[in-house]
Amino acid sequence: QVHVAESGGGLVQPGGSLRLACTASGSIFNYMGWYRRAPGKKHERVATISGDGTTTLGDAVKGRFTVSRDNAKKELYLQMNNLRPDDTALYHCFMTSSPDQPYYWGQGTQVTVSS
């Protein structure tokens, strides 16, 4: 019943920008966010956004990334600016009714930052 799908990844040069989108279907659309996984690194929480719009950002992306949502469209976004090679990762979106409930995950979209 719940389906999450990401888009917007691609290949960019260092210093470039990308905007990721996550579209959710189903009835659960409240607490959402982004994680990423890169080779040799732990699964890292990038950003979260609650139903009231309150956001968090991981330390590695503060000042460069912005998370937002459109409740009417049931979409989640991640604006990524000043990208670095170490931002290269598979980015995937999650959604849940609340942070203490099970998460639903998308398949991910690949972001590659290369000079």
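All figures in this text were calculated on a predicted structure; none of them were measured in a lab.

Draft legend 1. Quick look at the pairing of strand β9 (residues 89-96). Within β9, 7 of the 8 residues are buried, which leaves the element mostly enclosed by the surrounding structure. Looking at chain direction, strand β4 (residues 31-37) and β9 are connected through 7 bridges and run antiparallel. Following the sheet pairing, Tyr35 is matched in β9 by His92. Here β9 runs beside strand β11 (residues 109-113); their pairing, made up of 3 bridges, is antiparallel.

Draft legend 2. Region of interest: the nonpolar core. Ranked by size, the top nonpolar core spans 26 residues in total, and within it Met32, Trp34, Leu78, Met80 and Tyr91 carry the most contacts. Elements represented by at least two residues in this core include exactly β3 (18-25), β4, β5 (44-49), β7 (65-70), β8 (75-80), β9 and β11.

Draft legend 3. Inspection of the pattern of salt bridges at higher detail. In total, this model carries 4 salt bridges according to the counting rule given. The shortest N-O distance in the salt bridge between Asp59 and Lys62 comes to 3.2 Å. In terms of burial, Asp59 and Lys62 fall into one category: exposed. Taken together, the shared-partner salt bridges in this structure form one network comprising Arg36, Glu44, Arg64 and Asp87.

Rules of the game
- Residues numbered from 1 in each chain as written.
- Predicted model: local features only at pLDDT ≥ 70, side-chain atom pairs only at ≥ 80, totals over all residues.
- Heavy atoms only, no water.
- Buried < 20%, exposed > 50% of the residue type's maximum accessible area, 1.4 Å probe, protein only.
- Helix = DSSP H or I, 4+ residues; strand = E, 2+ residues; numbered from the N terminus.
- Pairing = 2+ DSSP bridges.
- Core = buried A, V, L, I, M, F, W, Y, C linked by side-chain atoms within 4.5 Å.
- Salt bridge = Lys/Arg side-chain N within 4 Å of Asp/Glu carboxyl O.

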